[in-house]
Amino acid sequence: MKMQFKEINGSIIAPIGFMASGVFCDIKKIGTGKGSNKGQKRDLALIVSEAPATVAGMFTTNQVCAAPVKVCVERMQKGTAQVVVVNSGNANACTGKQGLADAHEMVSFTERALNLSAGRALVGSTGRIGVTMPMDNIRAGIIEAATLLGTTHAHADHATEAIMTSDTKPKQIAVEFKLGGQTVRIGGICKGAGMIQPGMSNTGARPAALPHGGLHATMLGFITTDAAIDKKTLQIALNEAVAYSFNRITVDGDMSTNDTVLVLANGLAGNEKITIRHSSFVIFQAALNHVCLELAKKIVRDGEGVHRVVTVRVNGAKTIQDADAAARAVANSPLVKTSWHGGDPNWGRIIDAVGYSPAKVVEEKIDIGYSAPGNKKILWSLKRGQPTKATFKELCAAVVPNEFELHINLNLGKAYAVMYAADLTEEYVDFNKGDVGDPTSLGG
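First, a word on what this report is: a plain description of the structure on this page.

Cut-off values and rules
- Residues numbered from 1 in each chain as written.
- Predicted model: local features only at pLDDT ≥ 70, side-chain atom pairs only at ≥ 80, totals over all residues.
- Heavy atoms only, no water.
- Helix = DSSP H or I, 4+ residues; strand = E, 2+ residues; numbered from the N terminus.
- Rg over C-alpha atoms; globule rule 2.2 N^0.38 Å.
- Areas by Shrake-Rupley, 256 points an atom, 1.4 Å probe, with all protein chains shown as cover.
- Lys, Arg positive; Asp, Glu negative; His and termini not counted.
- Charge placed at Lys NZ, Arg CZ, Asp CG, Glu CD.
- Salt bridge = Lys/Arg side-chain N within 4 Å of Asp/Glu carboxyl O.
- Buried < 20%, exposed > 50% of the residue type's maximum accessible area, 1.4 Å probe, protein only.
- Contact = heavy atoms within 4.5 Å.
- Polar contact = N/O pair within 3.5 Å; in protein donor to acceptor, adjacent residues only side chain to side chain.
- Phe/Tyr/Trp six-rings, centres within 6.5 Å; stacked < 30°, edge-to-face > 60°.
- Lys NZ or Arg CZ within 6 Å of the ring centre and 35° of its normal.
- Pairing = 2+ DSSP bridges.
- Core = buried A, V, L, I, M, F, W, Y, C linked by side-chain atoms within 4.5 Å.

**Points about the overall build of the chain**
Counting its regular elements, the chain contains 11 helices and 17 strands. The globule rule puts the C-alpha radius of gyration for 444 residues at 22 Å, and the 22 Å found for the chain is close to it. Here the C-alpha coordinates of the chain stretch approximately 70 × 60 × 35 Å along the principal axes. When the accessible area of the chain is evaluated, it comes to approximately 17700 Å², of which 53% is carbon and sulfur surface. Across the chain, 46 positive and 40 negative side-chain charges occur, with their mean positions spaced 5 Å apart.

**What to know about the pattern of salt bridges**
All chains considered together, the criterion is met by 15 salt bridges. One salt-bridge network, held together by shared partners, links Glu105, Arg112, Asp136 and Arg139.

**What about helix α1 (residues 67-75)?**
Residues of α1 that are buried: Ala67, Pro68, Val69, Val71, Cys72 and Arg75. Residues of α1 that are buried make contact with β3 (44-60), α2 (96-113), β5 (121-128) and β11 (260-265).

**As for the side chain of Gln197**
Tracing the sequence through the fold places Gln197 in the loop between β7 (182-191) and β8 (200-201). Among the polar contacts listed, one links the side chain of Gln197 to the side chain of Asn332, at a separation of 2.8 Å. Not counting residues within four places of it along the chain, the set of residues in contact with Gln197 comprises Ile249, Thr250, Gly253, Asp254, Met255, Arg328, Asn332 and Met419.

**What about the packing of aromatic side chains?**
Taken as a whole, this structure holds one aromatic pair when the rule is applied. When the ring of Tyr370 is compared with that of Phe404, the centres are 5.9 Å apart and the planes differ by 70 degrees; the resulting orientation is edge-to-face. Here Phe404 lies in strand β16 (residues 403-409) and Tyr370 lies in strand β13 (residues 367-371), a separation of 34 residues in the sequence. With respect to class, Tyr370 is no different from Phe404; both count as buried. In this structure, Lys383 packs its charged tip against the face of Trp380, placed 4.3 Å from the ring centre.

**Quick notes on the pairing of strand β6 (residues 171-179)**
Of all nine residues in β6, seven are buried; the element is thus mostly enclosed. Note: strand β1 (residues 5-7) against β6, three bridges, orientation antiparallel. If you follow Glu7 over to β6, its bridge partner there is Val175. The pairing of β6 with β7 spans nine bridges and is classified as antiparallel. When the sheet's bridge partners are listed, Ile173 is paired in β7 with Gly188. The turn linking β6 back onto β7 is made up of two residues, and Gly180 within it adopts a positive phi angle of 55 degrees.

**Topic: the nonpolar core**
Grouped together as the largest cluster of nonpolar side chains are 51 residues, with contacts concentrated most on Ile12, Leu44, Leu122, Ile138, Phe222 and Leu262. Ranked by the residues each element gives to this core, the list is headed by β3, at eight residues. Every residue in contact with Ile12, bar those within four places of it in the chain, is listed here: Phe18, Ala20, Ile47, Ala156, Ala159, Gly187, Gly188, Ile189, Phe222 and Thr224. Among the nonpolar cores identified, the runner-up in size contains 46 residues, and Ile229, Ala296, Ile299 and Tyr420 belong to it.

**Observations regarding the pairing of strand β12 (residues 309-317)**
As a general feature of sheets, a regular strand has side chains that alternate between the two faces. With seven of nine residues buried, β12 is to be regarded as a mostly interior element. Relative to β16, β12 runs parallel, the two being bridged by seven bridges. Among the inter-strand pairings, Val312 is bridged to a residue of β16, identified as Leu406. Here β12 runs beside strand β17 (residues 415-422); their pairing, made up of seven bridges, is antiparallel. Bridge pairing in β17 places Ala317 opposite Ala415.

Take a look at the structure:
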């Protein structure tokens, strides 16, 4: 069934009753580290609902967990929120009791600045690990951002810029659809370019959400909707959407201390409240899936130093855990990723990664092939563990495009998994290696 939603402009301010702003308050001192050499880039954002909103969230399962994540997980129990305050330039991670106190101060100060009841604010942070927050700057930024809230596309742009670190492009989307005759919108923004292999759950505890009910620089995602939806249903929908999107991407195989996705639903569209058994849930879920997946793909495409994006599809596994393990092994192999960068269709590195993964595999049954994105015609380089008659020239042509798909069939079962992955480039290494002779380049 074709889902009836369309992309529109406006991102997080597209749904009724949402405002946003973004300001510069010098959270990470200008010129310190490669992620901050952008002059007076906005570094603090507010996303505000005019009415109390139902809230759902997904959080990093990294056992080293940032203070803002801890505060959000704690506050999620209330089930409603009205504002998210987000900063870039400082992760507020590994900052001990002071960091936790600062995260609490960020939410309580935001509530006072907006004249909201206690417990209505959530918080997100991204940037350097192990540095205490410059709270005087933060407070000044919150006050300024509160005076600049608005509903224009520029306001959404400013908020999007404010959450970026090493990102080179803003990442935004919004969709519109009908539920029971009412127009409903979902909008979203996100950031992420390095330290990207999220594995999130709704409590931050392991295992992370994977499709089909399986296991398991920061990425932040903030989603708004004017849909009326039950809290439990909203969390179920977000679990599903994240499992198929943000938890399916990797740039460098590193899970951040701060990964967070939040969705606020204020119900101002006036639709009949969505529950898990409501007929409109299927449409809402499809629209949320689309928003999350498109945002997640934007992260991979804008990954640090990325030239090529590869969709790794593993089919024919015995279990979803096996499919996931094989896909991640390939997607995160430095040898595979560097061969992608060089345009080398090196199936030997691919089958090696599949073989050392925890997945159950049989060498004599493995197929490996390439296709254009979304194309069902696959050029197989390996069938049943043996090279095909495909020429090296044909295989090279298949991996030249900036985006292509890699197909791996284990031929052992019906389980499958997908990963959206990036190549590994000289630019990535140069950006992240630092230079001991230049202290400003270190620790960023």
